[in-house]
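Chain residues, written in single-letter form:
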Amino acid sequence: QVQLVESGGGSVQAGGSLRLSCAASGYTYKWYCMAWFRQAPGEEREGVAAISSDGATTYADSVKARFTISKDNAKATLYLQMNNLKPEDTAMYYCAADSRPLVANRPLSAREYTYWGQGTQVTVSS
């Protein structure tokens, strides 16, 4: 059974940093694409950043130059380093993964991903 477990969320002031982690288990094959999404109350889930199996990254315009996605294949863990956080970054953050090559065509589209974590809350105060 595939499991994705996020951690690292919390409350910070604007300008602060957080690093999210997503530990994957129960899957013995290489993920084709992994990504971070976020969802604020009353809003749609939006793609934040994605990384493909060959290390290619994609970012939403709103987080470029502030967020960095990375992965450690040996530890089966995905990371999201978030710097210069803003109040508008407040949301529940979800890890997602999929093993199908087609997901690379739309790496920030939530409907492309099969596996999801439970989420970790990030709150940024002004």
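These figures come from a predicted structure and were not determined experimentally. (Residues numbered from 1 in each chain as written. Predicted model: local features only at pLDDT ≥ 70, side-chain atom pairs only at ≥ 80, totals over all residues. Heavy atoms only, no water.)

### Details of the state of the cysteines
Move 1: By the definition in use, this model includes one disulfide.
Move 2: The disulfide partner of Cys22 is Cys95, and the gap between their sulfur atoms is 2.1 Å. Taking the torsion about the S-S bond as the criterion, the Cys22 to Cys95 disulfide, at about -75°, is left-handed. Here the residue Cys22 occupies a position in strand S3 (residues 18-25), and Cys95 occupies one in strand S9 (residues 91-98), the gap between them amounting to 73 residues. Grouping residues by exposure puts Cys22 and Cys95 together as buried.
Move 3: Left unpaired, Cys33 is separated from the closest cysteine sulfur, that of Cys95, by 11 Å. (Disulfide = S-S within 2.5 Å. Helix = DSSP H or I, 4+ residues; strand = E, 2+ residues; numbered from the N terminus. Buried < 20%, exposed > 50% of the residue type's maximum accessible area, 1.4 Å probe, protein only.)

### A look at the nonpolar core
Move 1: Counting 28 residues, the largest nonpolar core has Trp36, Leu80, Met82 and Tyr93 as the members making the most contacts within it.
Move 2: Looking at this core, the elements with two or more residues in it are S3, strand S4 (33-39), strand S5 (46-52), strand S7 (67-72), strand S8 (77-82), S9 and strand S11 (120-125).
Move 3: Each residue touching Met82, except ones within four places of it in the same chain, is listed here: Gly16, Ser17, Leu18, Leu20, Arg66, Phe67, Tyr93 and Val122.
Move 4: Within the second largest apolar cluster, seven residues are counted, among which are Cys33, Phe37, Ala50 and Tyr113. (Core = buried A, V, L, I, M, F, W, Y, C linked by side-chain atoms within 4.5 Å. Contact = heavy atoms within 4.5 Å.)

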